There are 2 protein chains.
Amino acid sequence: MNKVGIIGYGITPFTREDLKIESILLKSAKTLFQNNPNIDRNDIDAVLVSTNNNSKYLSPILSEMTGIQPKIAHSIESLCNSGTNSIVSAYSYIASGLADMVLVTGAERYDSPGQILQWDNSRGEFKHPIFWASIFTKSYKREYSISDKQLALVSVKNHKQAKENPNALSDKTYSIQDVINSKRLTDDLRLLDCSRPCTGSASIILASEEMIKKITDMPVWITGIGQKTTSAGFTKNASFDSMESTRLAGQAALKMANKHTEDIDVVEIHDAFSVCEPMALESLGFSNNGHGMNIIKEAYETNNFKINPRGGLIGSGHPLGATGIAQTIEITQQLQSKADQRQVDDVQVGLVHNISAAATSSTVLVLEK
Amino acid sequence: MNKVGIIGYGITPFTREDLKIESILLKSAKTLFQNNPNIDRNDIDAVLVSTNNNSKYLSPILSEMTGIQPKIAHSIESLCNSGTNSIVSAYSYIASGLADMVLVTGAERYDSPGQILQWDNSRGEFKHPIFWASIFTKSYKREYSISDKQLALVSVKNHKQAKENPNALSDKTYSIQDVINSKRLTDDLRLLDCSRPCTGSASIILASEEMIKKITDMPVWITGIGQKTTSAGFTKNASFDSMESTRLAGQAALKMANKHTEDIDVVEIHDAFSVCEPMALESLGFSNNGHGMNIIKEAYETNNFKINPRGGLIGSGHPLGATGIAQTIEITQQLQSKADQRQVDDVQVGLVHNISAAATSSTVLVLEK
C-alpha cells in the first residue's frame, strides 16, 4: 500500500454569508493554490467534493473553475462526517495506485439540508439534532453526576480557543455563567452548548509518497484510519452516554497507526454539542467513562490548546461538509508548527474525530509528521 | 495492489413506480442477498450508495435495513455516471487494503433531480439533456453524412434487445419508421431516440482476491479502469461529434487491462440518445470516426447482442444512479454465461462505458473472467 500524505491546504473564514455553493467551494480551493504555487494542476488525478448541498456535478464544476481536468471526479455525502469520508476516499484512491494526487474540497451553506434528519422516524417530530443532543446530555449528566455548569466549560474553552482562529465563526468569549444564562433550547441544552451551522469551505491536497518527494519536505502523513457505522437511527445506539462507533473507529485508527492514546499530542473532537466533547474523549480512550471533563478542565486551566485548538465546532462553526476537512487542516498545521497562537508544544502525533447523526457513524484519523 | 473482483449482484425491474428512495435501494440489495446466501454481511466493510436523490445518509440507512454495520458508508454522486464512479471507489477501497468486501447499491426515482442541468449557464434556458443531444445529433449527422433513418437503428436494435431483458423498462419493439414517426422533440431528436428516466435499483458486491477465494469460483475481475472529466459545461467540449473524455478513459482502461478493442467481446455503451452509441464506439476505438453505425448495423443484422445486450439505456431505461451498476451487472452476467437469451458467444472480455453530462465525464471499465 502506498503511503499517503497531506501536502497542502486552503481554508477561508466560516461565516453566515448567503453565497452559491459553487462560490463557496471555489473560495478555499483558490486559497489552496495561492498557498501552494508549486502544485501543478495537471498532476491532480482526482477532485472530490464533500457536501450536503443538493446541487449536482459539483466536482466537475469545481474542476473547471480551478483549471483541473481530473480522472476521478465526484461528490461524497455522509452528513456531518462527509469531510473525513472524502479524505479517506482520497486516501484509498492514492494507496490503491489509481491516483497520485487528490484535491478534496468541502463546502456548505448555512442552510444546509443535512441539518434536518428527515429519515429518522424514531425521532417522531423531533428531527433537529438538538433533540438527540438533549437526550445525550440528560443521560450523560445522570449517569456520571455531571452538572450543566461543569459541561458549560466545553463551550467556554472552545470559544476562547476560537478567538485565536482567524477562520472561526465566533470571535466572542463567554463565562460559565454566560453559557448557563444563554437561551434555553431544551431542558438540558442552552444555545451556547450548540455548534452553529454556517457557510464555510476547506480544501486539502493528498498525494502519494513519490509525488510528495517532488513537492514538499514537510508532509503530514495519514497513518491511522478508523471508521464505523453502527446504525442510521440514534435510538438504536447501545448507550446514550458513550459513542460506540467512536470507540470502534478510534481503536481501529490507533491500531493501524500503531499508537496509543498517550502518544497523541493534540486532538480535534467533534463537539457538535458540549456533551460530545467529554463523551468522545472517553469513547476514544483518553479517560475513563465519566471523567472526560477532568482532562478538558486541565486543558482549559493550563491553557494548553490540546483539545480542539481551533475552537471546535462550537467555536469555529459547523459547515457540515467542510468540518472534517477543517479539523484535518488544524491538525496538519499543528504538526507543521504553523498554528500561530493556537500552537501546542512539540506535536508529533495528532488525531481527528468526526461523527455523523448522533454518533451513529464515526471517522477517526491519526496524523503524523 | 490487491486484485478486485465482482462476486455477486442483484437487480430488479426498471419501472415508473413512485416509491421512496430507501425502498428502491433496498429492492436490489435484498435480491443480491437472496441470490448470494453464502455472503456473510459481517464481512462487508463498506456500503456505497450511488444516487442523485437529495436524501442524505442513505448508506447508513441501507446498511441498517440490510443488517450491515460497515466501516465505510457514504453516498457518491456524479450525475449519470455515479454508478461506475461508485464501483471505482469500491475498487480503490479494496485495492488499497481498507476494505475486503464492498456493497455498491445504485438507486434512482423517475423524477431524479439529476436530470436537469441547473449549473450550466452556457445552455441558457435549455437545461434538459435533449438540447445537448440535439446539438450532438445535428453535428454528427452533418460531419459524417448520416441520416435520421440510419441513426434510428440504434433505438430499433436496443428496444429489440431489451425485449430479452426481464428488468428493462421497455417491452416493445419498433421499426425504423416507428422511430422516425415518434414525437419530434427537437429538429434532430425524436422521442424514441431518447432513453427514459425511470425508477430503478442495482446492487453489486466487490471483494479482494483473498475473500473471493472463500466465496466463489466464478468471479469477474475488474482489470481496467479509465476515467476522465474534461469540463462541466458541454459547450467547452472540443467537438460535438466525438467524445473526448470517452477517448481518454477508454485508452486508459484498455492500457491498464493490457487489452485492445479487438479483444473486447461485448460492450455496454451509454446510449442516453441514439447518437451516443456510434459516437462512443468511435471514441473508444471500435471503428473510425463516422463509421460507428456500420458495426451497429452488423450487430443488428447478425443478431449478435454484442453492443448493449440488455437494451442499453434506450431500451432498459435510465435510473441515473443505478445505470452504471446495471451495465456492469450485464457484463458480469455475459462473462458468467448467465445472460440467457441475451448471451453473446464465448465472452472472455467485456467493457462498460458510462458518461455524464454530454460526455464531459466518462468512465470505462474492462471486465474479465
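In this text the structure is predicted, and so the values were computed from the model without any measurement.

**Looking at the pairing of strand E7 (residues 200-208) of chain A**
All names here are of chain A.
Argument step 1. With respect to burial, E7 is a largely interior element, nine of its nine residues being buried.
Argument step 2. Alternating positions in E7 separate into two faces, Gly200, Ala202, Ile204, Leu206 and Ser208 on one and Ser201, Ser203, Ile205 and Ala207 on the other, with burial throughout.
Argument step 3. Bridge count for strand E1 (residues 4-11) against E7 is seven bridges, and the pairing is antiparallel. Looking at the pairing, Ile11 lines up with Ala202 of E7.

**So, the environment of His74 of chain A**
Argument step 1. Among the structural elements, His74 of chain A can be located in strand E3 (residues 72-77).
Argument step 2. When residues no more than four places from it in sequence are discounted, the contact partners of His74 of chain A are Val47, Leu48, Val49, Ser59, Ser89 and Tyr93 of chain A together with Ile76, Glu77, Ser78 and Asn85 of chain B.

**Overview of unusual backbone geometry**
All names here are of chain B.
Argument step 1. Positive phi is not limited to glycine here, since Asp340 has a value of about 50°.
Argument step 2. Tracing the backbone shows Asp340 in the loop between helix H12 (320-335) and strand E10 (349-356).
Argument step 3. Despite not being glycine, Ala357 has its phi angle at roughly 45°, a positive value.
Argument step 4. Secondary-structure assignment places Ala357 in the loop between E10 and strand E11 (361-368).
Argument step 5. On the basis of relative accessibility, which here comes to 6%, the residue Ala357 falls in the buried class.

**Here's the deal with the nonpolar core**
Argument step 1. Counting 82 residues, the largest nonpolar core has Leu206 of chain A together with Leu206 of chain B as the members making the most contacts within it.
Argument step 2. Leaving out residues up to four positions away in the same chain, Leu206 of chain B has contacts with Val4, Gly5, Ile6, Ile87, Ala90, Tyr91, Ile94, Asp100, Met101, Val102, Val104 and Ile222 of chain B.

**A closer look at the confidence of the model for chain A**
Argument step 1. When the pLDDT values of chain A are averaged, the result is 95; 97% of them are 70 or greater.
Argument step 2. Here the complex is predicted with pTM 0.98, and the ipTM for its interfaces comes to 0.97.

**Here's the deal with helix H9 (residues 276-283) of chain B**
Residues and elements named next belong to chain B.
Argument step 1. For H9, the tally of buried residues reaches eight of eight residues, placing the bulk of the element in the interior.
Argument step 2. The elements touched by buried residues of H9 are helix H4 (129-144), helix H5 (148-162), helix H8 (244-257), strand E9 (266-268), helix H10 (292-302) and E10.
Argument step 3. The first or second residue beyond H9 is Gly285, which carries a positive phi of 95°.

**A few points about the interface of chain A and chain B**
Argument step 1. If you look at the interface, chain A gives 49 residues, while chain B gives 49 residues.
Argument step 2. Overall, the association of chain A and chain B removes approximately 3,900 Å² of surface from exposure, summing both partners, and the carbon and sulfur fraction of that is 55%.
Argument step 3. Linking chain A to chain B there are 26 residue pairs in polar contact (both at pLDDT 80 or more).
Argument step 4. Considered class by class, the residues forming the side of chain A that touches chain B number 20 nonpolar, 22 polar and seven charged.
Argument step 5. Of the pairings in the sheet, the one linking E3 of chain A to strand E3 (residues 72-77) of chain B comprises three bridges and is antiparallel in character. Paired with Ile76 of chain A across the two strands is Ile76 of chain B, which belongs to E3 of chain B.

**Examining the packing of aromatic side chains**
All names here are of chain A.
Argument step 1. In total, this model carries eight aromatic pairs over all chains according to the counting rule given.
Argument step 2. Grouping aromatic residues by their ring pairs yields a cluster made of Trp132, Phe136, Phe240 and Phe273.
Argument step 3. For the cation-ring pair, Arg41 lies above Phe33, with the distance from its terminal atom to the ring centre recorded as 4.0 Å.

**Quick word on the relation of the copies chain A and chain B**
Argument step 1. After a rotation of 180° and a shift along the axis of 0.0 Å, chain A superposes on chain B with an RMSD of 0.0 Å. Classification of the inter-copy transformation places it as that of a two-fold axis. Rotation axis and chain A: the residue whose C-alpha lies nearest the axis is Ser96 of chain A, separated from it by 2.1 Å.

**A few points about the side chain of Ser170 of chain A**
Argument step 1. Structurally, Ser170 of chain A is set in the loop between helix H5 (148-162) and helix H6 (176-181).
Argument step 2. Within polar-contact distance, the side chain of Ser170 of chain A engages the backbone nitrogen of Lys172 of chain A at 3.3 Å.

**Re the environment of Thr15 of chain A**
Residues and elements named next belong to chain A.
Argument step 1. Here Thr15 is to be found in the loop between E1 and helix H1 (21-35).
Argument step 2. When the C-alpha positions of Thr15 and Thr199 are compared, they lie 5.2 Å apart, and in sequence the two are 184 residues distant.
Argument step 3. When residues no more than four places from it in sequence are discounted, the contact partners of Thr15 are Leu169, Cys198 and Thr199.
Argument step 4. One polar contact links Thr15 to Glu17, side chain to side chain, over a distance of 3.0 Å.

**Remarks on the pattern of salt bridges**
Residues and elements named next belong to chain A.
Argument step 1. What the rule picks out here adds up to 28 salt bridges over all chains.
Argument step 2. In this structure, Lys138 and Asp188 form a salt bridge, with 3.0 Å as the shortest nitrogen-oxygen distance. In this pair, Lys138 is assigned in helix H4 (residues 129-144) and Asp188 in the loop between strand E5 (184-186) and strand E6 (189-190), connecting sequence segments 50 residues apart.
Argument step 3. Classification of Lys138 as partly exposed rests on a relative accessible area of 37%.

**Topic: helix H1 (residues 21-35) of chain B**
All names here are of chain B.
Argument step 1. Over its 15 residues, H1 extends 22 Å from the first C-alpha to the last, a length consistent with the 21 Å expected when each residue adds 1.5 Å.
Argument step 2. All of the buried residues in H1 are Ile21, Glu22, Ile24, Leu25, Ser28, Ala29, Thr31, Leu32 and Phe33.
Argument step 3. Buried residues in H1 make contact with strand E1 (4-11), strand E2 (46-50), helix H2 (58-66), strand E4 (101-108) and strand E7 (200-208).

**Some remarks on the state of the cysteines**
Residue and element names in this part refer to chain B.
Argument step 1. On inspection of all chains with the given rule, the structure shows zero disulfides over all chains.
Argument step 2. This cysteine, Cys276, is not joined by any disulfide, and Cys194 carries the nearest cysteine sulfur, 9.8 Å off.
Argument step 3. You can call Cys276 buried: its relative accessible area is 0%.

**Structural notes on the pairing of E2 of chain B**
Residue and element names in this part refer to chain B.
Argument step 1. Most of E2 is tucked away, with five of its five residues classed as buried.
Argument step 2. The sheet contact formed by E2 and E3 spans five bridges and is parallel. Directly across from Ser50, in E3, lies its bridge partner Ile76.
Argument step 3. The parallel pair E2 and E3, bridged by H2, forms a crossover whose chirality is right-handed.
Argument step 4. Strand direction decides the pairing type here: E2 and E4, joined by five bridges, are parallel. Following the sheet pairing, Ser50 is matched in E4 by Gly106.

**A look at the side chain of Asn165 of chain A**
Argument step 1. Residue placement: Asn165 of chain A occurs in the loop between H5 and H6.
Argument step 2. Given the relative accessible area of 10%, Asn165 of chain A is considered buried.

**Re the packing of H1 of chain A against helix H2 (residues 58-66) of chain A**
Residue and element names in this part refer to chain A.
Argument step 1. Orientation of H1 relative to H2, taken along the N-to-C sense of each, is 50°, at an axis distance of 10 Å. Taken together, the axis directions place H1 and H2 in an arrangement best described as oblique. The two elements H1 and H2 cross, and the hand of that crossing is right-handed. Here Ile21, Glu22, Leu25, Leu26, Ala29 and Phe33 of H1 come into contact with H2, specifically with Leu58, Ile61, Leu62, Met65 and Thr66.
Argument step 2. By residue class, the composition of the contact of H1 with H2 is nine nonpolar, one polar and one charged.

Quick notes on the rules
Residues numbered from 1 in each chain as written. Chains lettered and ligands numbered in written order. Predicted model: local features only at pLDDT ≥ 70, side-chain atom pairs only at ≥ 80, totals over all residues. Heavy atoms only, no water. Buried < 20%, exposed > 50% of the residue type's maximum accessible area, 1.4 Å probe, protein only. Helix = DSSP H or I, 4+ residues; strand = E, 2+ residues; numbered from the N terminus. Pairing = 2+ DSSP bridges. Contact = heavy atoms within 4.5 Å. Core = buried A, V, L, I, M, F, W, Y, C linked by side-chain atoms within 4.5 Å. pLDDT = per-residue confidence, 0-100. Buried area = accessible area lost by both parts, 1.4 Å probe. Polar contact = N/O pair within 3.5 Å; in protein donor to acceptor, adjacent residues only side chain to side chain. Nonpolar A, V, L, I, M, F, W, Y, C, P; charged D, E, K, R; others polar. Phe/Tyr/Trp six-rings, centres within 6.5 Å; stacked < 30°, edge-to-face > 60°. Lys NZ or Arg CZ within 6 Å of the ring centre and 35° of its normal. Least-squares fit on C-alpha atoms with pLDDT ≥ 70 in both. Salt bridge = Lys/Arg side-chain N within 4 Å of Asp/Glu carboxyl O. Expected span 1.5 Å × (residues − 1). Disulfide = S-S within 2.5 Å. Right-handed = clockwise from strand over helix to strand, strands pointing away. Axes fitted to C-alpha atoms, helices over the stretch in contact; angles between N-to-C directions. Parallel < 35°, antiparallel > 145°, perpendicular 65-115°, else oblique. Left-handed = near helix turned anticlockwise from the far one by under 90°.

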